[in-house]
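Listed below are the residues making up each chain.
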Amino acid sequence: MTEFHQEPRPGDLIEIFRIGYEHWAIYVGGGYVIHLTPPSEYPGAGSSSVFSVLSNRAVVRRDRLEDVVGNCRYRVNNHLDHKYTPRPVNEIIYSAKQKIGQEMPYSLLSRNCEHFVTNLRYGEPHSRQVRPSEDPSPSMSPGVSKLGSER
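Everything quoted here is computed from the prediction, not taken from an experiment.

Conventions adopted
Residues numbered from 1 in each chain as written. Predicted model: local features only at pLDDT ≥ 70, side-chain atom pairs only at ≥ 80, totals over all residues. Heavy atoms only, no water. Pairing = 2+ DSSP bridges. Helix = DSSP H or I, 4+ residues; strand = E, 2+ residues; numbered from the N terminus. Axes fitted to C-alpha atoms, helices over the stretch in contact; angles between N-to-C directions. Contact = heavy atoms within 4.5 Å. Salt bridge = Lys/Arg side-chain N within 4 Å of Asp/Glu carboxyl O. Buried < 20%, exposed > 50% of the residue type's maximum accessible area, 1.4 Å probe, protein only. Core = buried A, V, L, I, M, F, W, Y, C linked by side-chain atoms within 4.5 Å. Phe/Tyr/Trp six-rings, centres within 6.5 Å; stacked < 30°, edge-to-face > 60°. Lys NZ or Arg CZ within 6 Å of the ring centre and 35° of its normal.

Some points on the sheet that holds strand β2 (residues 21-29)
Reasoning step 1: With antiparallel pairing, the six strands of this open sheet are ordered in space as β5-β1-β2-β3-β4-β6. Each of the sheet's edge strands pairs with one partner strand only, and the pair in question is β5 (73-76) and β6 (103-105). Each strand axis lies, on average, 30° off the axis of its neighbour in the sheet, ignoring direction.
Reasoning step 2: Looking at chain direction, strand β4 (residues 57-64) and β6 are connected through three bridges and run antiparallel. What sits directly across from R57, in β6, is P105.
Reasoning step 3: Taken strand by strand, helix α2 (residues 89-99) contacts β2, β3 (32-37) and β4, and its axis lies near 110° from that of β2.
Reasoning step 4: Relative to β2, helix α3 (residues 113-122) is tilted by about 35°, and along the sheet it contacts β1 (13-18), β2, β3, β4 and β6.

Listed below in structure tokens is the structure:
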């Protein structure tokens, strides 16, 4: 189910609300998205598994938006348009399609699904879910990042 019922356009960032975190994909048209997901997961489960954040490898997949979303809410969220100029849509789509099937390093802190899609749209990897800790808890080392969404 969509949160705002906004129809995505090619090149739009899609934010999918999972339990405890957000998964990100880029809309490429015709009902399909391209996203970064653990190699072992099947469409629709992929990003819903909390175990996906523990993997150090990921694969770029093209799946139907409705399959990736499953029963979760989603919205179009081009949240950095005010900060960066989006690349031309044809370049975004071409770059995304060129990566389908590629396995790449994955890091929750520096190479996650949000970094992947923002790099495609803006040419800059960025994640609001991971931010530097200003006051680390005793269980965290200084400089370690924490998860948190700034919505």
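Here the narrative resumes.
Section: the pattern of salt bridges
It is possible for side chains bearing opposite charge to pair when their charged atoms get close.
Reasoning step 1: Taken as a whole and assessed by the stated rule, the structure comprises seven salt bridges.
Reasoning step 2: R57 is the salt-bridge partner of E103, the closest N and O atoms lying 3.2 Å from each other. Here E103, found in strand β6, pairs with R57, found in strand β4; they are 46 residues apart in sequence, far enough to count as distant.
Reasoning step 3: Note that R61 and D63 form a salt bridge whose closest N and O atoms lie 3.0 Å from each other. In terms of burial, R61 and D63 fall into one category: buried.

Concerning the nonpolar core
Reasoning step 1: Ranked by size, the top nonpolar core spans 19 residues in total, and within it I26, I34, L36 and F116 carry the most contacts.
Reasoning step 2: Secondary structure elements with two or more residues in this core: β2, β3, β4, α2 and α3.
Reasoning step 3: In terms of residues, this core owes the most to one element, α3, which gives five residues.
Reasoning step 4: Beyond its immediate stretch of four places on either side in the chain, I34 contacts A25, I26, V28, V60, R61, R62, A96, K97, I100, F116 and V117.

A few points about the pairing of β4
Reasoning step 1: Sheet topology note: the β3/β4 ladder contains six bridges and is antiparallel. Following the sheet pairing, V33 is matched in β4 by D63.

So, the environment of N71
Reasoning step 1: With respect to the helices and strands, N71 occurs in the loop between α1 (65-69) and β5.
Reasoning step 2: Residue classification places N71 among the exposed positions, given a relative accessible area of 80%.
Reasoning step 3: Separated by 54 residues in the primary sequence, N71 and F17 have C-alpha atoms spaced 9.7 Å apart.

Digging into the pairing of β3
Reasoning step 1: Of all six residues that make up β3, five are buried, and the element is covered over most of its length.
Reasoning step 2: Hairpin geometry of β2 and β3 is characterised by an intervening segment of two residues between the two adjacent antiparallel strands and by a positive phi of about 65° at G30.

Some details on the packing of aromatic side chains
Reasoning step 1: For the structure shown, the criterion picks out one aromatic pair.
Reasoning step 2: With 5.9 Å between their ring centres and 45° between their planes, Y84 and Y122 make a pair best called tilted. Of this pair, Y84 sits in the loop between β5 and α2 while Y122 sits in helix α3; the two residues are 38 residues apart in sequence, bridging distant segments of the chain.
Reasoning step 3: Take Y122: its relative accessible area is 6%, and that puts it in the buried class.
Reasoning step 4: Positioned over the ring face of F17 is R73, at 4.7 Å from the centre of the ring.

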